[in-house]
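What follows is the residue order along each chain.
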Amino acid sequence: MPNLTKRGVLAVLTALGVSPALAQTAAAPVRVMLTTALGAITVELAADRAPITTANFLRYVDAKRFDGAAFYRAMKLRPAPPLGLIQGGLRGDPAKTFPPIAHESTRQTGLKHTAGTLSMARYAPGTATSEFFICIGDIPSLDADPTTPGDNLGFAAFGHVVDGMDNALKILAAPVSASGGDGAMRGQMLDPTVAIVTARRAS
């Protein structure tokens with residue numbers, strides 16, 4: 001949606017069921033501080049490029065549904081320099097999870113999965129809800145790529161870390177269970193998880 005006017009973005013968000021007030025907020029730059037058991041991480045959301053995904057994340061923040069959630073996954077691709085991602089969210093808690101959102105691919109937004117990128121976890125496109133991850137290092141394989149097999153749409157990047165990457169690195173380095181997790185997540189589940197104490201707007 002990078003070529004839409006602000007009014008056009010708001011119209012699209014409202015049509016998708018996002019309240020006009022939240023849609024207006026999502027169209028302006030905003031930062032969110034995630035206070036975790038290992039320190040704070042502040043992210044800036046790309047509301048202009050990924051308005052749907054930004055509005056969804058802010059909906060969870062404003063409803064305080066991330067309070068008491070956790071970072072529960074650390075995918076460690078390389079030890080030095082560190083490369084991987086940390087994943088957090090509600091882990092499908094039906095009492096706190098809002099409906100899934102439309103997928104905003106990196107080909108649509110122009111964003112990339114570089115170091116510090118904030119992005120949405122998903123299964124099929126259009127299934128993302130509360131689960132998000134932060135890239136530790138550049139991981140271009142997470143971008144949309146029509147030349148690869150599968151659905152080719154990658155993950156929906158929608159922001160980046162502006163403060164607290166040192167704390168994100170602490171989470172990546174935290175211990176994992178060798179036998180925990182299924183499929184691609186096997187051996188990547190943090191044990192113990194790292195609590196998200198609060199998630200609040202920082203600007």
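Model, not experiment: these values are computed from the prediction.

Calculation notes
Residues numbered from 1 in each chain as written. Predicted model: local features only at pLDDT ≥ 70, side-chain atom pairs only at ≥ 80, totals over all residues. Heavy atoms only, no water. Salt bridge = Lys/Arg side-chain N within 4 Å of Asp/Glu carboxyl O. Helix = DSSP H or I, 4+ residues; strand = E, 2+ residues; numbered from the N terminus. Buried < 20%, exposed > 50% of the residue type's maximum accessible area, 1.4 Å probe, protein only. Arc of directions from axis to C-beta. Expected span 1.5 Å × (residues − 1). Pairing = 2+ DSSP bridges. Phe/Tyr/Trp six-rings, centres within 6.5 Å; stacked < 30°, edge-to-face > 60°. Lys NZ or Arg CZ within 6 Å of the ring centre and 35° of its normal.

Considering all chains together, one arrives at 4 salt bridges under this definition. Taking the shortest distance from any N to any O, the salt bridge between Arg201 and Asp62 comes out at 2.6 Å. Highlighted residues: Arg201 in strand β9 (residues 189-201) and Asp62 in helix α3 (residues 51-62), separated in sequence by 139 residues. Close ionic contact of Asp67 with Arg200 constitutes a salt bridge, the shortest N to O distance being 2.8 Å. Of this pair, Asp67 sits in the loop between α3 and β3 (70-78) while Arg200 is found in strand β9, placing the two residues 133 residues apart along the sequence.

The next thing to look at is helix α5 (residues 165-173). For α5, the full list of buried residues reads Asn167, Ala168, Ile171 and Leu172. Mapping the buried residues of α5 onto a view down its axis gives an arc of 150 degrees, with all of them on the same face.

Over its 12 residues, α3 runs 16 Å from end to end, which matches the ideal 16 Å to within 8%, given 1.5 Å per residue. In terms of burial, α3 is largely enclosed, as 10 of its 12 residues are buried. Looking at α3, one finds that the buried residues are Pro51, Ile52, Thr53, Thr54, Ala55, Asn56, Phe57, Leu58, Tyr60 and Val61. The first or second residue beyond α3 is Lys64, which carries a positive phi of 60 degrees.

Sheet analysis places strand β1 (residues 30-36) next to β9, joined by 5 bridges and oriented antiparallel. Residue pairing in the sheet places Thr36 in a bridge with Ile196 of β9. Strand direction decides the pairing type here: β3 and β9, joined by 3 bridges, are antiparallel. Residue pairing for β9: Arg73 is matched across the bridge by Met189. Pairing analysis gives 2 bridges linking strand β8 (residues 176-177) to β9, with the strands arranged antiparallel.

Below, the discussion takes up the packing of aromatic side chains. Counted according to the given criterion, the structure contains 8 aromatic pairs. Seen from their ring centres, Phe133 and Phe155 are 5.7 Å apart, and the 85 degrees between their planes marks the pair as edge-to-face. With Phe133 in strand β6 (residues 132-136) and Phe155 in the loop between β6 and β7 (156-163), this pair connects stretches of sequence that are 22 residues apart. Judged by its relative accessible area of 23%, Phe155 is partly exposed. Geometry around Phe98 places Arg59 over its ring, the cationic atom sitting 3.9 Å from the centre.

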